[in-house]
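A closer look at the structure
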Amino acid sequence: MNIRLDKYLADSGYGTRTEVKSLVKSGVVSINGTLAKDCGQKINTDSDTVSVRGVQIGFDEYEYYMLHKPGGIITASRDKKAKTVLDLIESKKRRDLFPVGRLDKDTEGLLVITNDGDMSHRLLSPKKHVSKTYVAFVSGVAPEDIVERFEAGLDIGDEKLTKPAKLNRFDDISCLKEKYNDLIIETRFKDHFVKSDDIDNKYTSLSIFEIKISEGRYHEIKRMFEAVGCEVVYLKRYSMGELTLDFNLKPGEYRRLTEEEVKTLKDF
Ligand code: URA
C-alpha cells in the first residue's frame, strides 16, 4: 500500500497530521536512511523503512484488541466527559480504532476493538447471525417456561419478536466458575453481599442464566428478561462467534488478538 508520509506517521501513533508535519519539519524523520523533507512523499508500507530520531517504526494497517470491558465505562470511541473503552487501550497506535458493537455502560466482558471496518461490519451484520454468549444475574421469579419463551422469541416492544435465544440455567455460582473459570465474578458477588448490611431483597433471590443471542438490539437481554417479569442486575459477555474472553485479562485489561483469532473473526 502507498500512503503519504504524514498519514503514515499519524496512523503509527506519532500525533495528529499537524503534529507530524512539525516532526518532519524538525528534521528527525528519515525514509530509507534519507532525511524526509516532504510530508506528501508517498511511502510504500511493504518496502520502505521510516525512522523517527533514528528508531525504525512499524506500520500496522489494522489493529485488533480484545478488551475485558469493566463496568462503568462507556462503549464509544471518544467522549468529551466520560472515559471510554478506547481510553483503556493505552498501547494503541492508530487513531481510527472503534469498538465492534456496543455493551451497556454497566455490562462487562468481551469487547473487540479494531479499525477493520469490513470485519466489524460482517460480525455485526444481522444476516450473519453471529452468536454472542452472555451470563446474566437476574432478580425476580423466573417463569417455569422461561427457556421455551426465550426460544420462541419475545415481544420486547419492537416491531418484531426477538430471534430465538438459547437459555441455560446455572444452579449456582460454582457451575459458572467451572464453565468459565471466572473467579472475578465470584468475588464480585461475594463483595456485593458482604457490602450491604441491609441486603436488598432484589439480591437475595438471584438466578444465573447463560444466554446465547444472535442479534444486537439496544438493551436486548435486559428487555428480554423484563418481558418475563425479571430484572438483569449484572451482565457479562463471554464470547462472540468463536472468540472467547481470555481470563488472564482482568477487567480493564486488554491484549492484541492473535493471528489465529483474527482469522476466525474474519472467516464469518
Ligand atoms: N444486552 C443488553 O441488554 N445489554 C448489553 O450490554 C448487551 C446485550
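This structure is a prediction, so every number in the text was calculated from the model and none was measured.

With respect to helix 7 (residues 220–227)
Burial analysis of helix 7 places 6 of its 8 residues in the buried class, which makes it a mostly covered element. Here helix 7 has its buried residues at Glu220, Ile221, Lys222, Arg223, Met224 and Phe225. Packed against the buried residues of helix 7 are strand 10 (132–139), helix 4 (146–152), strand 11 (166–170), strand 12 (207–213) and strand 13 (231–240). One or two steps after helix 7, the chain reaches Gly229, where phi turns positive at roughly 85°.

Re the sheet that holds strand 5 (residues 50–52)
Taking strand neighbours across the sheet as the criterion, the 4 strands line up as 3-2-5-6 in an open arrangement whose pairing is antiparallel. Each having just a single partner strand, strand 3 (34–35) and strand 6 (55–57) make up the two edges of the open sheet. Bridging between strand 5 and strand 6 involves 3 bridges; their strand directions are antiparallel. What sits directly across from Ser51, in strand 6, is Gln56.

Topic: helix 3 (residues 117–124)
All buried positions along helix 3 are accounted for by Met119, Ser120 and Leu123. The arc enclosing the buried residues of helix 3, seen along the axis, measures out at 100°, which places them on a common side. Seen from the buried face of helix 3, the exposed residues on the opposite side, beyond 90 degrees, are Asp118 and His121. Of the surrounding elements, those touching the buried residues of helix 3 are strand 7 (64–69), strand 8 (98–99), strand 9 (108–114), strand 13 and helix 8 (259–266).

Calculation notes
- Residues numbered from 1 in each chain as written.
- Predicted model: local features only at pLDDT ≥ 70, side-chain atom pairs only at ≥ 80, totals over all residues.
- Heavy atoms only, no water.
- Buried < 20%, exposed > 50% of the residue type's maximum accessible area, 1.4 Å probe, protein only.
- Helix = DSSP H or I, 4+ residues; strand = E, 2+ residues; numbered from the N terminus.
- Contact = heavy atoms within 4.5 Å.
- Pairing = 2+ DSSP bridges.
- Arc of directions from axis to C-beta.

Fair warning: the whole summary comes from geometry, so function is off the table for now.
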